[in-house]
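A closer look at the structure
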Amino acid sequence: EAVHGVIYRSHFPWYKYTAAAVRLVMLSYSVVSDAALQLIMCTTLLGKLVMVSQPSVECWTGSHTVWGVAAWLLVVVWVMGLPISLVLFLNVVKQGSPLYSKHNRQQYGIMFDAYRESRYWFLAVGLARRSVAIVVYTLLFNAGLARQFALFVLILLFLMVHVRQPSMGRWVVGWIWT
């Protein structure tokens, strides 16, 4: 109902737009992450630190400093924050009504429908793995062999934790948290 041309929240059909907004966020994750990381990926060329995607721009000088800081904020908020926010959001939704109810599946199903009910949060794990790998690749861009080794070890670590071999899984988790 509108009073003086204002539509009040309780009468606006938010549910019609929620599913589309969730899908847009999920689909734009990789694109936005890539754009942010392209702004901070630099390499040395003719003695100058320049952007890989735009070699005519010197890194961390002039206007690139502003864009670089904004990109790092985006990496923290979007690239790392979205997987964490996803788990928190799904836990809140789950407490309101059963996660696999018809309403929740229509609204938020893209985030959990592909997984067993006990593993509804696993999309966040996949996003977090991708985020860590991309950030490691970006930070070690000029490291060559060290970058390849770090990514190889990271993939092995992800595989060991994913397979969840009891002895390996406990060893990896214990090693990380000690």
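For the structure itself, consult the block above.
Attention in this report is confined to the structure presented alongside it. (Residues numbered from 1 in each chain as written. Predicted model: local features only at pLDDT ≥ 70, side-chain atom pairs only at ≥ 80, totals over all residues. Heavy atoms only, no water.)

What follows is about the nonpolar core. Counting 24 residues, the largest nonpolar core has Val75, Leu86, Leu90, Leu99, Met111, Phe112 and Leu127 as its most contacted members. At the level of elements, helix 1 (15–40), helix 2 (63–96) and helix 4 (122–139) are the ones that each hand at least two residues to this core. Broken down by element, this core gets its largest block of residues, 8 residues, from helix 2. Here leucine 99 is in contact with Leu90, Val93, Lys94, Asn104, Arg105, Phe112 and Tyr120, once residues within four sequence places are set aside. (Core = buried A, V, L, I, M, F, W, Y, C linked by side-chain atoms within 4.5 Å. Buried < 20%, exposed > 50% of the residue type's maximum accessible area, 1.4 Å probe, protein only. Helix = DSSP H or I, 4+ residues; strand = E, 2+ residues; numbered from the N terminus. Contact = heavy atoms within 4.5 Å.)

So, about the packing of aromatic side chains. Per the counting criterion, the structure on display carries 6 aromatic pairs. Plain terms: the ring middles of tryptophan 121 and phenylalanine 122 are 5.8 Å apart, the flat faces sit at 55° to each other, and that makes the pair tilted. With a relative accessible area of 29%, tryptophan 121 lands in the partly exposed category. Taken together, a centroid distance of 5.9 Å and an interplanar angle of 75° make the contact between tyrosine 137 and phenylalanine 141 edge-to-face. A residue is classified by how much of its surface remains accessible, and tyrosine 137, at 32% relative accessible area, is partly exposed. (Phe/Tyr/Trp six-rings, centres within 6.5 Å; stacked < 30°, edge-to-face > 60°.)

So, about the packing of helix 2 against helix 4. Direction vectors running N to C along helix 2 and helix 4 enclose 160°, while the axes themselves pass 7 Å from each other. For the element pair helix 2 / helix 4, the angle class is roughly antiparallel. For the pair helix 2 and helix 4, the crossing hand works out as left-handed. Together, Trp72, Val75, Val79, Met80, Leu82, Pro83, Leu86 and Val87 of helix 2 and Leu123, Ala124, Leu127, Ala128, Ser131, Val135 and Leu139 of helix 4 make up the contact between the two elements. A breakdown of the residues in the contact of helix 2 with helix 4 according to their chemical character gives 14 nonpolar, 1 polar and no charged. (Axes fitted to C-alpha atoms, helices over the stretch in contact; angles between N-to-C directions. Parallel < 35°, antiparallel > 145°, perpendicular 65-115°, else oblique. Left-handed = near helix turned anticlockwise from the far one by under 90°. Nonpolar A, V, L, I, M, F, W, Y, C, P; charged D, E, K, R; others polar.)

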